[in-house]
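# Fold and geometry: a report
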Amino acid sequence: RMHPMDGLELIGHIRDQFPDMAVAIISGYSDFSYAKKAIQYHVQDYLLKPIDRVELTRFLNDFKRRMDRARGIDPDRTGGQSEEESENKLIRHIKELIAANLDKNISLQFIADKVYLNRQYLSAFFKMHTGENFADYVLKCRMERAKELLRGTNLKIYEIAQLVGYENPKYFMTVFKQMTGTTPTDYRDSV
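Presented here is a report on the structure given in the accompanying data block. Quick caveat: nothing in here was measured; it's all calculated off a predicted structure. (Residues numbered from 1 in each chain as written. Predicted model: local features only at pLDDT ≥ 70, side-chain atom pairs only at ≥ 80, totals over all residues. Heavy atoms only, no water.)

Bringing helix α9 (residues 169-180) into the picture now. The terminal C-alpha atoms of α9 lie 16 Å apart, and with twelve residues this matches the ideal 16 Å at 1.5 Å per residue to within 8%. Among the residues of α9, those classed as buried are Phe172, Val175 and Phe176. An end-on view of α9 places all buried positions within 105° of arc, on one side of the element. Among the exposed residues of α9, those pointing more than 90 degrees away from its buried face are Lys170 and Gln178. Lining the buried residues of α9 we find α7 (134-152), α8 (157-163) and α10 (184-190). Its side-chain oxygen placed 2.9 Å from the backbone nitrogen of Lys170, Asn168 serves as the N-cap of α9. In the stretch just after α9, Gly181 is the one whose phi turns positive, near 85°. (Helix = DSSP H or I, 4+ residues; strand = E, 2+ residues; numbered from the N terminus. Expected span 1.5 Å × (residues − 1). Buried < 20%, exposed > 50% of the residue type's maximum accessible area, 1.4 Å probe, protein only. Arc of directions from axis to C-beta. Contact = heavy atoms within 4.5 Å. Polar contact = N/O pair within 3.5 Å; in protein donor to acceptor, adjacent residues only side chain to side chain.)

With that settled, the discussion passes to the pairing of strand β2 (residues 45-48). Bridge analysis of strand β1 (residues 24-27) against β2 gives four bridges, and the strand direction is parallel. For Ile26, the partnering residue across the bridge sits in β2 and is Leu47. In this fold, β1 hands off to helix α2 (residues 32-40), which returns the chain to β2; that crossover is right-handed. (Pairing = 2+ DSSP bridges. Right-handed = clockwise from strand over helix to strand, strands pointing away.)

A few words on the packing of aromatic side chains. Where two aromatic rings form a pair, the distance of their centres and the angle of their planes describe that pair. With the rule as written, the count across this model stands at seven aromatic pairs. Note on Phe176 and Tyr187: the rings are 5.7 Å apart at their centroids and 75° apart in plane angle, and the pair reads as edge-to-face. Within this pair, whereas Phe176 is found in helix α9, its partner Tyr187 is found in helix α10, the two being separated by eleven residues in sequence. You'll find Phe176 and Tyr187 in the same group, each marked buried. Against the face of Tyr166 rests Arg142, its NZ or CZ located 5.7 Å from the ring centre. (Phe/Tyr/Trp six-rings, centres within 6.5 Å; stacked < 30°, edge-to-face > 60°. Lys NZ or Arg CZ within 6 Å of the ring centre and 35° of its normal.)

Once that is clear, we can look at the pattern of salt bridges. Evaluated as defined, the whole model comprises four salt bridges. Between Lys104 and Asp103 there is a salt bridge, and its shortest N-O distance comes to 3.8 Å. Of the charged contacts, one joins Glu148 and Arg145 as a salt bridge, the two residues approaching to 3.1 Å between their closest N and O atoms. With a gap of three residues between them, Glu148 and Arg145 both fall in helix α7, about one helical turn apart. In this structure Arg145 comes out as partly exposed when scored by relative accessible area, which is 34%. (Salt bridge = Lys/Arg side-chain N within 4 Å of Asp/Glu carboxyl O.)

Attention now goes to unusual backbone geometry. Note: most peptide bonds trans; most residues except glycine with negative phi. The step from Lys49 to Pro50 runs through a cis peptide bond, and the omega angle for that step is -5°. Inspection of the secondary structure puts Pro50 in the loop between β2 and α3 (53-70). Residue His42 is not a glycine yet carries a positive backbone phi of 60°. Its place among the elements puts His42 in the loop between α2 and β2. Relative accessible area serves as the criterion here: at 58%, His42 is assigned to the exposed category.

Structure, rendered in structure tokens:
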């Protein structure tokens, strides 16, 4: 019921050009005639708004299994990961991305783009699985890396600041002191 055509007309055009394309309808309309027409167009599913996240997740997982089978991949032989294992794997991947990019401006959006998630969802997901805010975790990683570089190298403070994502060495020194209670130079001297 969009202008200039409604969703069913759009699906009809899709079916004319791409008969095997998977289509799901997410609609606020629950009238039977609309759903019946959708069935005639062989839609994969018809979800009503407001969307139930569990129902949407179930649909997407089923859809992925069907697509894998269509590509000749047996989804039951791809590791058989549980949802928890899959979530733990995603958290590990996010942490690896953070560790590999400490010298960059690591924003929530930067990581969300890398893992194909909405940034608000990523923020809540990360907090739920790690118990830490994303920004706090990044800051902690930067400071741990700075400590390693201070202990194990003779790099200048401004070079270390750049390697852990700070363009301004003075700001780096301020943050380092707030986090550790000591300046980078004093930290290096103490170890």
